[in-house]
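Secondary and tertiary structure notes
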Amino acid sequence: MSGRRSGADVIVVGAGPAGSTAATYLARAGIDVLLLEKTAFPREKVCGDALPPRGVKQLIDLGIDTSEAAGWMHSRGLRTLAGDLTVEFDWPDLTSYPSYGVARTRHDLDDLLAKLAVGAGARLLERTTVTGALTDDHTGRVVGVAARTGPEKTPVTFRAPLVLACDGVSARLALSVGIDRHPKRPLGVAARRYYRSPRHDDPYLEVHVDLLDRADPGRPRLLPGYGWAFPLGNGTVNVGVCTLTSTRFRDTDCRALLRRWVAETPEEWGYREENAVGPVRGAALPMGFSRTPHYRDGLLLLGDAGGMVAPLTGEGISAAMESAQLAAAAVIQALAQRDGPSRERVLAGYPRAVAELLGGYYQLSTCWNKVISFEPRIQRAVSRYGPRVKGMRPLLYKAITGCYDGRGGDLADRLIATLARLTPSPK
């Protein structure tokens, strides 16, 4: 530990979008932040690599240039394919979010966000794997973390009055203090691969709703999920599949599913082995607040560590950065208070703020996931016939993507916002 400070005002574990975003806001407020990352940048991450407008808003709030000239692939909207129906939805004009999405590999995005945090004053320590939380023997309060650092995996400890868990789906910190995943909350699994393709600059993100598992060619199974093709503008397309791991579909091999699915796409799209860039990679998607409470005794859960992946889309970057913004605001105010009940009251506001922003919408989405897990044909019917009713399109599109104005807006916005507001957040 020579030359390194082993303490900080706040420790942030994980330098993905949630961790780096939180560290940036905290450091800009003059707080001493230690940001711990188990790998080294730049590094690859399994993801769809696309951000909807609500994710773009988070980048803009950080002061990041999201122009195409700055290396971002812009998306105009979403193209859905269900049976013989193909519908293109442009991103809506809203007061809350910009009218475009962006795409960029996580290899580049996470590196950019980590550098932003360091530039703001956060201390980044790479190749440091956090193994668990340190707790006070008398109060049980989290007072730091235990870790292994460097190529020798040297045991170290770091101390701080507050710790932000941004360690992803593994949620090692949360588990170390007994915060387990709710087994009945939705869990998705995804696999993706990059392909060189002439469709790399298509202005629409593409989603294929009829996802069939043909592991047994004689008995294809319709799955609750979708296939995707997200253009990156650099000559490649991020192609993947996402499905729910409900009891009926727990045996689905998502990587094999992706290989079979791309083999059925048109030859001219280029999603073939000879055009593949890198291997097939997979990841779990913790959805719908699958791990709570989001704050307990000095530990805040952000992003995937708190199960904040959107249940309808499997997209997690937007919620990760939104939770980071809320957590940073709570921590900044808390550290301005005297240690004790006053500080705890401020910190207790963080899970309430996350629940107000996402809880009702996620609960509604979770209920829908339960329906389609029981009977995927319901998803197929809604996808095939709902968009044919022109008046239903804005409602379906905004509900699926989560891009709606929370207050004001048109009829679809008001309906979704009202339903989300009236629906209790998952506990």
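Residues numbered from 1 in each chain as written. Predicted model: local features only at pLDDT ≥ 70, side-chain atom pairs only at ≥ 80, totals over all residues. Heavy atoms only, no water.

A separate point is the overall build of the chain. Looking only at helices and strands, one finds 11 helices and 21 strands in the chain. For the chain, the C-alpha radius of gyration of 21 Å lies close to 22 Å, the compact-globule estimate for 427 residues. Overall, the C-alpha framework of the chain stretches about 60 × 50 × 45 Å when taken along its three principal axes. Put simply, 71% of the contacts in the chain that link residues at least 6 apart link residues at least 24 apart. When the accessible surface of the chain is split by element, carbon and sulfur atoms take 53% of a total near 18300 Å². Separation between the mean location of the 55 positive side-chain charges and that of the 45 negative ones in the chain comes to 5 Å. (Helix = DSSP H or I, 4+ residues; strand = E, 2+ residues; numbered from the N terminus. Rg over C-alpha atoms; globule rule 2.2 N^0.38 Å. Contact = heavy atoms within 4.5 Å. Areas by Shrake-Rupley, 256 points an atom, 1.4 Å probe, with all protein chains shown as cover. Lys, Arg positive; Asp, Glu negative; His and termini not counted. Charge placed at Lys NZ, Arg CZ, Asp CG, Glu CD.)

Attention now moves to helix α9 (residues 376–385). At 3.6 residues per turn, the α-helix brings residues three or four places apart onto the same side. Taken together, the buried positions of α9 are occupied by P376, Q379 and S383. Take α9 and look down its axis: the buried residues cluster within an arc of 55°, on one side only. Facing away from the buried surface of α9 by more than 90 degrees, the exposed residues are R377 and Y385. Buried residues in α9 make contact with β5 (77–82), β6 (85–90), β16 (221–222), β17 (225–231) and α8 (349–374). (Buried < 20%, exposed > 50% of the residue type's maximum accessible area, 1.4 Å probe, protein only. Arc of directions from axis to C-beta.)

In this fold, E126 is placed in the loop between β8 (123–125) and β9 (128–135). On the accessibility criterion, E126 (29% relative accessible area) is partly exposed. Taking the C-alpha atoms as reference points, E126 and D9, 117 residues apart in sequence, are found 19 Å from one another. Beyond its immediate stretch of four places on either side in the chain, E126 contacts E37, T39, A40, F41 and T149.

Attention now moves to the side chain of N238. Within the fold, N238 resides in strand β18 (residues 236–244). In this structure the side chain of N238 is engaged in a polar contact, spanning 2.8 Å, whose partner is the side chain of W228. (Polar contact = N/O pair within 3.5 Å; in protein donor to acceptor, adjacent residues only side chain to side chain.)

So, about the packing of aromatic side chains. We describe a pair of aromatic rings using the distance from one ring centre to the other and the angle between the two ring planes. This model, assessed by the stated rule, comprises 9 aromatic pairs. Ring geometry for Y361 against Y362: centres 6.1 Å apart, planes inclined by 45°, an arrangement best described as tilted. Each of the two residues, Y361 as well as Y362, counts as buried. Through a chain of ring-to-ring contacts, the aromatic side chains of F289, Y361, Y362 and Y404 assemble into a single cluster. Note that R104 overlies the ring of W72, its terminal NZ or CZ placed 4.8 Å from the centroid. The ring of W269 carries the charged tip of R199 above its face, separated from the ring centre by 3.9 Å. (Phe/Tyr/Trp six-rings, centres within 6.5 Å; stacked < 30°, edge-to-face > 60°. Lys NZ or Arg CZ within 6 Å of the ring centre and 35° of its normal.)

Checked against the element boundaries, P311 lands in the loop between β21 (299–301) and α6 (317–335). In this structure, the C-alpha to C-alpha distance between P311 and R281, residues 30 residues apart in sequence, is 21 Å. Beyond its immediate chain neighbours, meaning those up to four positions away, P311 contacts M287, G288, Y362, S365, T366 and N369.

On to the packing of helix α1 (residues 17–28) against helix α3 (residues 106–120), then. In contact at an axis separation of 8 Å, α1 and α3 are set at 20° when each is read in the N-to-C sense. Considered as vectors, α1 and α3 are oriented roughly parallel to each other. Judged by the sense of rotation from one axis to the other, the crossing of α1 with α3 is left-handed. Where α1 abuts α3, its residues P17, S20, A23, T24, A27 and R28 lie against R106, D110, L113, A114, L116, A117 and A120. Split by residue class, the contact of α1 with α3 holds 8 nonpolar, 2 polar and 3 charged. (Axes fitted to C-alpha atoms, helices over the stretch in contact; angles between N-to-C directions. Parallel < 35°, antiparallel > 145°, perpendicular 65-115°, else oblique. Left-handed = near helix turned anticlockwise from the far one by under 90°. Nonpolar A, V, L, I, M, F, W, Y, C, P; charged D, E, K, R; others polar.)

Moving on, we come to the environment of Y194. One can find Y194 in strand β13 (residues 187–196). Here the alpha-carbon distance between Y194 and G235, two residues 41 residues apart in the chain, equals 9.8 Å. There is a polar contact of 2.6 Å between the side chain of Y194 and the side chain of D49.

This part covers the packing of helix α2 (residues 53–61) against α6. As a packed pair, α2 and α6 sit with axes 8 Å apart at the nearest point and diverge in direction by 40°. Here α6 runs oblique to α2, going by the angle between their axes. Judged by the twist between their axes, the crossing of α2 over α6 is left-handed. Along its contact with α2, which presents R54, G55, Q58, L59 and D61, the element α6 presents S318, M321, E322 and Q325. Of the residues in the contact of α2 with α6, the class split is 2 nonpolar, 4 polar and 3 charged.

Let's shift gears to the sheet that holds strand β1 (residues 10–13). As summarised here, the arrangement of the 6 strands in space is β8-β2-β1-β12-β21-β20, forming an open sheet in which the pairing is mixed. What marks the edges here is a single partner per strand, and that holds for β8 and β20 (295–296). Summarising the sheet, β20 and β21 pair through 2 bridges and their orientation is antiparallel. In the sheet register, Y295 faces β21, and the bridge partner there is L300. (Pairing = 2+ DSSP bridges.)

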